[in-house]
Structures are given as structure tokens and as C-alpha cells.
Amino acid sequence: MVYLWHRFRDVEHHPLLAENDNYDSSSSEADMAERVWFIRDGCGMVCAIMTWLLVVYADFVVTFVMLLPSKDFWYSVINGVLFNCLAVLALSSHLRTMLTDPGAVPKGNATKEYMDNLQLKPGEVIYKCPKCCSIKPERAHHCSICKRCIRKMDHHCPWVNNCVGEKNQRFFVLFTMYIALISAHALILCGFQFFSCVRGQWTECSDFSPPVTVILMIFLCLEGFLFLTFTAVMFGTQIHSICNDETEIERLKSEKPTWERRLRWEGMKSVFGGQPSLLWINPFAGFRIRRLLLRAKKGGPEFSV
């Protein structure tokens, strides 16, 4: 926290904020909006790829080991359609979380010109991040991996290779919900399949041999149990944070709220947008293919970070 005159002194002596840089905050924010957001973090990219591979593995076992060999046609069709729809929604939510700007503050906007435009009152206190040289909005925190200050930053999740913040928290909540649902569905199908195989003495139970079938289903059960536990806890934590209008960082730091809290339904509506509807659980809501293609064309191979 710095006072106005302290802040001007810091700006004048900071090499990244010289007057010759001619920083334009409006053009910087517009430039950010025109580029595809992606974090080039090795650990995060590996975790994101592992997430997709684990979902694909679960889909393979459910479809080719348990459902297609089943003699009950409608059992296979209904469960196959349901599981694959949930898997598509989960992976779509994952992509939206990973490729959506979580609410990054433009780098290096702590210039005299920008602060003059803020029309601050004498003695008014503002925040400046010494790491990314930006004016830090209220409730923003700096992420060392994204190398940005993120508005309403909840945490950085390596599984989605991104921060969870003001603009992508909705998609992260949907991701945890759909992963929990397909994990529970896979565990239920495994239970039925084991019962059916044991009752039929493992004859015509699967197109694979009994040992291979057992190994594949055991790994699926372990994966389903771990993912169900993790994502169910995360989903509950996120809903609790939204209803209390408090991020995980604010809760861990026991920060006293200086903002007007939006509790319960007001908090849910601020994150998911509008009145309760099916759009709340739709990760494709607000997605425009033409806009994405234009961003990719304009931004080329560049990224926001």
C-alpha cells in the first residue's frame, strides 16, 4: 500500500515505466482481448494433457470394455450417450477454463499518464504490484506462474494450466462438477460390470480376456474414486466461496472484507450470470467460433502471457 506521492516517486525511477515508453492502457487492454490466452508453463501443460488422457481412458474402458459387449441394447445406448455427453461437457469446461483470461491486469500500467487518468483524490491510497508494475485493483493478487495480477484470484490450478479468477471461475466450477459426475457414473458402471462378470463366471463378459478386463476396470475404479473425491471437494469449496463472496486466498489470509459482499444467490448470479437457467451449466454459453478464429488470425502464434 502506497500513498499518491510515494507512488509517483516509484514510477519515475522504475526502468520499465519511463515516459518514453508511451504506455497506452486502453490499447494494451484491447490488445489483450484480441489474443488467445494460454499459459506456457511446463508443469501445467503436462497436467492438462494428463487430464485429457485420463478422461479418454475412462471413456475407452466404459465404451469398449463394459457397454459394447453388453447384450442389453438400451442399457448400452443410454449409458453410452450419457457418459460421453458428460465427458464432452467436462473437457469443454476444461478448455474454457484453460483458454479464458482469468482477469489479468495489464502489465506496466503504473505510469504517470495512466494514474493521472484515474483522477485520484489527494492522499488517496492505491496498490501497486512491484512484480508486474501494474496498479492492482481491489481483491487482485499476483500469480508467480501467470506473472500477472489476477482479479479475484482464487488459486492457480495446474490441472487446468491457469489461474481461477473473476472471468473463468464459472468454467472451473463446471469442470469440477462434470468430472465428479462422470467419475461417479464410471464407478457405478464398474460395480454393475463386476457383478455381471462374476455371475456369468467371466464368460462373454467382455471382448477382452478376463485378466485384462480386471486390470482395466481396477485402474478405472482407482481413477474414478480419486477424481470423484478431489473434484467433489473442489466443487463444494468453490460453491461455498461464491456464496460467501470470498476467494480461497482471502479465506486463507483471513482478510477482512473491504467490499460489499454478494451473498448466496447474488454471488451465484454474479459468477454464472443472470437468473438461474440451463445456461449456468452450459460451458458453450457465450462461445463464438468466429471471434476465436479472428483472435487466432490477429494474434498469430502469440499468447497473452
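Residues numbered from 1 in each chain as written. Predicted model: local features only at pLDDT ≥ 70, side-chain atom pairs only at ≥ 80, totals over all residues. Heavy atoms only, no water.

Time to look at the overall build of the chain. Looking only at helices and strands, one finds ten helices and six strands in the chain. Counting the 305 residues in the chain, one finds 42% classified as buried. Considering only contacts within the chain whose residues lie at least 6 apart along the sequence, 73% involve residues at least 24 apart. Just so you have it, the chain exposes about 17,200 Å², and 64% of that area is on carbon and sulfur atoms. (Helix = DSSP H or I, 4+ residues; strand = E, 2+ residues; numbered from the N terminus. Buried < 20%, exposed > 50% of the residue type's maximum accessible area, 1.4 Å probe, protein only. Contact = heavy atoms within 4.5 Å. Areas by Shrake-Rupley, 256 points an atom, 1.4 Å probe, with all protein chains shown as cover.)

Turning to the UniProt feature "transmembrane region" (unreviewed entry) in the chain, a few remarks are in order. Taken from the UniProt record, the annotation "transmembrane region" (unreviewed entry) applies to residues 42-67, 73-91, 171-194 and 214-235. With 100% helix and 0% strand, residues 42-67 has end C-alpha atoms that lie 36 Å from one another. Between the C-alpha atoms that bound residues 73-91 the distance is 27 Å, and the span itself is 100% helix and 0% strand. (UniProt positions renumbered as here; feature names shortened; annotations may be inferred.)

Contact pair helix H3 (residues 42-67) / helix H7 (residues 210-244): the axes reach a minimum separation of 10 Å and the direction vectors enclose 135°. In terms of orientation, H3 and H7 fall into the oblique class. The chirality of how H3 crosses H7 is left-handed. In this structure, H3 uses Leu54, Val55, Tyr57, Ala58, Val61, Val62, Val65 and Met66 to contact H7, whose residues at the interface are Thr213, Ile215, Leu216, Met217, Phe219, Leu220, Glu223 and Phe227. Within the contact of H3 with H7, the residues separate by chemical class into 14 nonpolar, one polar and one charged. (Axes fitted to C-alpha atoms, helices over the stretch in contact; angles between N-to-C directions. Parallel < 35°, antiparallel > 145°, perpendicular 65-115°, else oblique. Left-handed = near helix turned anticlockwise from the far one by under 90°. Nonpolar A, V, L, I, M, F, W, Y, C, P; charged D, E, K, R; others polar.)

Here we come to helix H9 (residues 265-272). Buried within H9 are the following residues: Gly267, Met268, Val271 and Phe272. The buried residues of H9 occupy one face: seen down the axis, they fall within an arc of 115°. Packed against the buried residues of H9 are helix H6 (169-199) and H7. Two residues or fewer after H9 comes Gly273, characterised by a positive phi angle close to 90°. (Arc of directions from axis to C-beta.)

The next subject is unusual backbone geometry. Notably, Lys147 is not glycine yet its phi reads approximately 60°, a positive angle. Tracing the chain through its elements places Lys147 in the loop between strand E3 (140-143) and strand E4 (148-151).

The next subject is the side chain of His155. By the element assignment, His155 lies in strand E5 (residues 155-157). For His155, a relative accessible area of 18% translates into the label buried. Looking at His155, its side chain comes within polar contact range of the side chain of Asp154, at 2.7 Å. Among all residues touching His155, those that are not within four sequence positions of it are Cys163, Val164, Phe172, Met234 and Gln238. (Polar contact = N/O pair within 3.5 Å; in protein donor to acceptor, adjacent residues only side chain to side chain.)

With that out of the way, let us pick up the pattern of salt bridges. The tally for this structure, following the rule as stated, stands at five salt bridges. The salt bridge involving Arg139 is made with Asp245; its shortest N-O contact spans 3.1 Å. Placement of Arg139 in the loop between strand E2 (134-136) and E3 and of Asp245 in the loop between H7 and helix H8 (248-252) is noted, with a sequence separation of 106 residues between them. We note that Arg139, like Asp245, is buried. The salt bridge involving Glu250 is made with Arg139; its shortest N-O contact spans 2.9 Å. Placement of Glu250 in helix H8 and of Arg139 in the loop between E2 and E3 is noted, with a sequence separation of 111 residues between them. Judged by relative accessible area, Arg139 falls into the buried class, the value being 13%. Through salt bridges with shared partners, one network takes in Arg139, Lys152, Asp245 and Glu250. (Salt bridge = Lys/Arg side-chain N within 4 Å of Asp/Glu carboxyl O.)

Of all hydrophobic cores here, the largest spans 36 residues; its most connected members are Val62, Met66, Phe172, Ile179, Leu220 and Phe272. Of the residues forming this core, the biggest block, eleven residues, is contributed by H6. Sequence-distant contacts of Ile179, that is, excluding residues within four places in its chain, are made with Val55, Ala90, Phe227 and Thr231. Formed by nine residues, the second largest nonpolar core is a distinct cluster that contains Trp37, Ala104, Met153 and Ile249. (Core = buried A, V, L, I, M, F, W, Y, C linked by side-chain atoms within 4.5 Å.)

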